[in-house]
Amino acid sequence: MVSNYTIQNKTLVSGTAITGLTAGAGNVVTISPRPVTPTLSLADASKVYDSTTTGPANVASRFAVSGAIAGDTVSLASTGSVYNLATVADASSLTVSGISVGSVAGSSGSVASDYVSTTASLTTAAAITKAPLALTAANATKVYGGVNPTLSYGITGFVGSEILATSGVTGVAAVSTTATETTSVGSTAITPAVGTLAAANYSFNYVNGALVITPRPLTFAATKIYDATTTLLGSLLEPTNLVTPCTSNCAISGNATLAAKNSGSQTITAFPNALPATAYWGNYTLTGATGTATVTPAALSVTYTGVNRVYDGSVSATVNGVASPLLSDVVTVSVASATFNNKNVGSAKTVSYSGVTLGGTDAANYTVTDSGITVADITPLALAVSYAGIDRIY
């Protein structure tokens, strides 16, 4: 250990003589600290860009130390370190100041004061390497069959107080996806690339985003014949916004519901519970579905009856129509004109009628043939006769 020692015998225990000592006399020997030499490799003298000239944290711990006795490991300390310049392109040296022995480890019993650094300041070749920025593609969504949205990205990881505008980063990144209008529902990667980006003090790490493709709400058209209900069979639903044609398992089961029962254009207000369980239909949804149905009038069942009458010398006739509408519908039938085939008396004579019209609450939901033929009787007219006797001469 470094100190002053009094030696009575000029021969050391090890047998090594120290010159200049007098045997039997009180000789004072001074043991000075052992010098050690610090060095720094280029790698150890380098740091990642942080916009300052401040040297690496704990730089003294990176020193390679030579000159210590066998079994001792000498660790150095320093009071500071600084690069000549702060940028990646310009930094070329690092100066470490206030170098001293910090601690000693080993089995020899040496302590820090047993050693001294050969230099209190060290300048060595150094470098500042680019700091990594995260170039992250922004997540996006679209509906199956739609065009891809505008893709975007973000850049994070700027050091210190730097932001994109002050970082020296120029240009724009490229962002792409393999998804097309026919890419199935699910998640497809959005991939960023360097594009025209450039930066003197930064490098780029690329982080994919995700394009989430959601099912396409279906739009339907349908046609049915009026049936006095608001029910629409699922099999009558015809999707009008399919991205690709359906080639198998295309029929939709279950029932839909119309806004009203009447003929004409009706909004579809409710849809079946599910689509066919196939991969094709997995790209579509009934949630948010819309549609319109065309309800065409039904052919009305009508019983026409000719009215029997007494001969009156004309062909005029009367025909009554009795409707048989669906369910509880209310429909009446009127016949504007009717004629016998001739004026003569006869049974089951042909009667032609025309000008059939419908009335009642539900008349607009039905169609009827405007004219037709039925039968009726013309019975003989009871003839009024006046009888008079004729006078004569005896």
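These notes cover the structure that comes with them. (Residues numbered from 1 in each chain as written. Predicted model: local features only at pLDDT ≥ 70, side-chain atom pairs only at ≥ 80, totals over all residues. Heavy atoms only, no water.)

### Notes on the overall build of the chain
Right, on to step 1. If you tally the helices and strands in the chain, you get 0 helices and 33 strands.
Right, on to step 2. Its C-alpha radius of gyration of 55 Å places the chain more than 25% over the 21 Å reference for a compact globule of 394 residues.
Right, on to step 3. Each principal axis of the C-alpha distribution contributes one length, and for the chain these read about 220 × 40 × 30 Å.
Right, on to step 4. Split into buried and exposed, the 394 residues of the chain put 31% on the buried side.
Right, on to step 5. Counted over contacts in the chain with a minimum sequence separation of 6, partners at least 24 positions apart contribute 63%.
Right, on to step 6. When the accessible surface of the chain is summed, it comes to about 21,500 Å², and 56% of that surface belongs to carbon and sulfur atoms.
Right, on to step 7. Looking at the chain, you have 13 positive and 15 negative side-chain charges, and the mean spots of the two groups are 3 Å apart. (Helix = DSSP H or I, 4+ residues; strand = E, 2+ residues; numbered from the N terminus. Rg over C-alpha atoms; globule rule 2.2 N^0.38 Å. Buried < 20%, exposed > 50% of the residue type's maximum accessible area, 1.4 Å probe, protein only. Contact = heavy atoms within 4.5 Å. Areas by Shrake-Rupley, 256 points an atom, 1.4 Å probe, with all protein chains shown as cover. Lys, Arg positive; Asp, Glu negative; His and termini not counted. Charge placed at Lys NZ, Arg CZ, Asp CG, Glu CD.)

### So, the environment of Gly 102
Right, on to step 1. Within the secondary structure, Gly 102 is located in strand β9 (residues 100-106).
Right, on to step 2. Each C-alpha atom of the pair Gly 102 and Val 116 lies 9.7 Å from the other, and the pair is 14 residues apart in sequence.
Right, on to step 3. If near-sequence neighbours (up to four positions away) are discounted, Gly 102 is found in contact with Ser 75, Leu 76, Ala 77 and Ala 112.

### Focus on the sheet that holds strand β8 (residues 93-97)
Right, on to step 1. The 3 strands are arranged β7-β8-β11 in an open sheet whose pairing can be described as antiparallel. Since the sheet does not close on itself, it has two edges, and those belong to β7 (80-83) and β11 (121-125), each with one partner. Between one strand axis and the next, the sheet turns through 15° on average, direction left out of account.
Right, on to step 2. Two elements, β8 and β11, share 5 bridges in a ladder whose sense is antiparallel. What sits directly across from Leu 94, in β11, is Thr 124. (Pairing = 2+ DSSP bridges. Axes fitted to C-alpha atoms, helices over the stretch in contact; angles between N-to-C directions.)

### With respect to the nonpolar core
Right, on to step 1. Judged by nonpolar contacts, the single largest core of 45 residues is most densely connected at Phe 220, Leu 232, Ile 268 and Tyr 304.
Right, on to step 2. With 5 residues, strand β25 (residues 284-296) is the largest single contributor of residues to this core.
Right, on to step 3. Counting 32 residues, the second largest nonpolar core, distinct from the first, contains Val 101, Ala 131, Val 159 and Val 169. (Core = buried A, V, L, I, M, F, W, Y, C linked by side-chain atoms within 4.5 Å.)

### Let's talk about the pattern of salt bridges
Right, on to step 1. Applying the stated criterion to the full structure yields 5 salt bridges.
Right, on to step 2. Here Asp 227 makes a salt bridge to Lys 224, at a shortest N to O gap of 2.8 Å.
Right, on to step 3. Where Arg 309 meets Asp 312, a salt bridge forms, and the shortest distance between an N and an O atom there is 2.7 Å.
Right, on to step 4. By relative accessible area, Arg 309 is classed as buried at 16%. (Salt bridge = Lys/Arg side-chain N within 4 Å of Asp/Glu carboxyl O.)

### Observations regarding the state of the cysteines
Right, on to step 1. Tallied over the entire structure, the rule returns 1 disulfide.
Right, on to step 2. Covalently, Cys 246 is tied to Cys 250 through a disulfide, its sulfur atoms 2.1 Å apart. Linking Cys 246 and Cys 250, the disulfide has an S-S dihedral of approximately -105° and is accordingly described as left-handed.
Right, on to step 3. Note on Cys 250: relative accessible area 33%, which makes it partly exposed. (Disulfide = S-S within 2.5 Å.)

### Overview of the side chain of Lys 349
Right, on to step 1. With respect to the secondary-structure elements, Lys 349 resides in strand β31 (residues 346-359).
Right, on to step 2. Despite its burial, Lys 349 pairs with no opposite charge, the nearest such side chain being Asp 377 at 8.9 Å.
Right, on to step 3. Excluding residues within four positions of it along the chain, Lys 349 makes contact with Phe 340, Asn 341, Asn 342, Asn 344, Thr 374, Val 375, Ala 376 and Ile 378.

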